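# Chains, contacts and geometry: an overview
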Amino acid sequence: MIHEILPVGPLHCNCSVIGDEVTREAMVIDPGDEIEDVLALVRKHNLQVKQIVVTHAHIDHVGGAMKLRAATGAPILLNQNDYALLKMLDVQAAWIGVEDPGKVEIDGSVGQADTVRAGSLTANVMHTPGHTEGSVCLYFPLEKKLIAGDTLFAGSIGRTDLPGGSFEKIMDSLHEKVMVLPDDTVVVPGHGDLTTIGEERQSNPFLVKN
Ligand SMILES: [Zn+2]
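What comes next is a walk through the structure.

Calculation rules
- Residues numbered from 1 in each chain as written.
- Predicted model: local features only at pLDDT ≥ 70, side-chain atom pairs only at ≥ 80, totals over all residues.
- Heavy atoms only, no water.
- Donors = N, O, S within 2.8 Å, 3.2 Å for Na, K, Ca; no water.
- Buried < 20%, exposed > 50% of the residue type's maximum accessible area, 1.4 Å probe, protein only.
- Core = buried A, V, L, I, M, F, W, Y, C linked by side-chain atoms within 4.5 Å.
- Helix = DSSP H or I, 4+ residues; strand = E, 2+ residues; numbered from the N terminus.
- Contact = heavy atoms within 4.5 Å.
- Lys, Arg positive; Asp, Glu negative; His and termini not counted.
- Salt bridge = Lys/Arg side-chain N within 4 Å of Asp/Glu carboxyl O.
- Polar contact = N/O pair within 3.5 Å; in protein donor to acceptor, adjacent residues only side chain to side chain.
- Arc of directions from axis to C-beta.
- Pairing = 2+ DSSP bridges.
- Axes fitted to C-alpha atoms, helices over the stretch in contact; angles between N-to-C directions.

Turning our eyes to something else, we now look at the coordination of the zinc ion. Protein coordination of the zinc ion is provided by H56 (NE2), H58 (ND1), H131 (NE2) and D150 (OD), with donor distances spanning 2.2 to 2.4 Å. For the zinc ion, all donor residues lie on one chain, and their spacing in sequence is H-x1-H-x72-H-x18-D. Among the residues examined, H56 registers a relative accessible area of 0% and is labelled buried. The exposure class of H58 is buried, given its relative accessible area of 5%.

With 30 residues, the main nonpolar core has V17, V28, V38, V62, L68, L86 and V104 as its most contacted residues. Take this core: its biggest share by element is 5 residues, from helix 1 (residues 35-44). Not counting residues up to four positions away in its chain, the partners in contact with V104 are V62, A65, M66, I76, L86 and L89.

Here we take up unusual backbone geometry. Its identity as a non-glycine residue notwithstanding, R24 has a phi of 65 degrees, on the positive side. Its place among the elements puts R24 in the loop between strand 2 (13-19) and strand 3 (25-29). One non-glycine residue, A113, lies in positive phi territory at about 75 degrees. Along the polypeptide, A113 turns up in the loop between helix 5 (89-96) and strand 6 (115-118).

To continue, consider the side chain of D30. Of note, D30 is situated in the loop between strand 3 and helix 1. With no salt bridge to any partner, buried D30 finds its closest opposite charge in K145, at an N-O distance of 15 Å. In terms of polar contacts, D30 uses its side chain to reach the backbone amide nitrogen of T55, at 2.8 Å. Side chain to side chain, D30 and H61 meet in a polar contact 2.8 Å long. Discounting chain neighbours no more than four positions away, the residues touching D30 are V8, C13, N14, C15, V53, V54, T55, H56, H61 and G149.

In this section: helix 3 (residues 65-72). Looking at helix 3, one finds that the buried residues are A65, L68 and R69. One side of helix 3 holds all its buried residues, which, seen down the axis, span an arc of 100 degrees. In this structure, helix 3 carries K67 and A70 as exposed residues pointing more than 90 degrees from its buried face. Residues of helix 3 that are buried sit in contact with strand 3, helix 1, strand 4 (48-53), helix 2 (59-62) and strand 5 (76-77).

Right, let's talk about the sheet that holds strand 7 (residues 121-127) for a bit. Strands sit in the order 6-7-8-9-12-13 across an open sheet of 6 strands; the sheet is mixed. With one partner strand each, in any of the chains shown, strand 6 and strand 13 (195-196) form the two edges of the open sheet. Sheet topology note: the strand 8 (residues 136-140)/strand 9 (residues 145-149) ladder contains 3 bridges and is antiparallel. Bridging from a neighbouring strand, L138 pairs with I147 of strand 9.

Between side chains of opposite charge, a pair can form as their charged atoms come close. For the structure on display, the rule yields 7 salt bridges. Of the charged contacts, one joins D184 and K144 as a salt bridge, the two residues approaching to 3.1 Å between their closest N and O atoms. Taken together, the residues D184 in the loop between helix 6 (167-178) and strand 12 (186-189) and K144 in the loop between strand 8 and strand 9 connect sequence positions 40 residues apart. Overall, D184 belongs to the partly exposed group, its relative accessible area being 46%. In this structure K144 comes out as partly exposed when scored by relative accessible area, which is 32%. Residue R159 is joined to D161 by a salt bridge in which the shortest nitrogen-to-oxygen separation is 2.8 Å. Since its relative accessible area comes to 55%, D161 is described here as exposed.

Pairing within the open sheet is mixed, and its 5 strands lie in the order 1-2-3-4-5. Where the open sheet ends on each side, the last strands, each with one partner, are strand 1 (2-8) and strand 5. Pairing of strand 4 with strand 5 involves 2 bridges; the strand directions are parallel. The residue of strand 5 that forms the bridge with V53 is L77. Strands in contact with helix 1 are strand 1, strand 2, strand 3 and strand 4; relative to strand 1, the strand with the most contacts, it is inclined by about 165 degrees. Set on the sheet, helix 3 makes contact with strand 3, strand 4 and strand 5; between it and strand 4 the angle comes to about 155 degrees.

What follows is the structure, encoded as structure tokens:
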């Protein structure tokens, strides 16, 4: 598996470029911004982008999706429960003081138990509402890797005080879907450092039991 992680935009959203080493087919997850740099990584590995997956409709994760689609022809996938949030990108832009990226068109919804493929790589979609209604995580079972969006961070969890957020829902998502993964699963959060499920089980203040 080719996996490049590029922090993009003023909030340093972790954009993942994930490719099959044999077929060179790839998916890009969370193309928030700096699409020229994302495309440079795609070219560096001689990849063909087949899917653009957005973990949730916050501007720092979705802002560059249309530019990437125009350059690659790949469809943009987002859970349908975030379509309403996607319609307020102009409001979101004002929140963080960036330019409104304009309208983002979604080509298809991805939800619980769906799979997203690129070459021989398969990601299982987990619908993990809480940070937003339509937040999803992508789990690659063979590689034991989780792309967590803003649901789980090293030492923390996603904020739930923005529109569509729910602390109760994010805790349910984490306990029922995320923390049941194997301890040696590598977690790539939407921002910041990588971690593992085992590490978070032991030390994340939101998840330790006692
Ligand atoms: Zn977010």
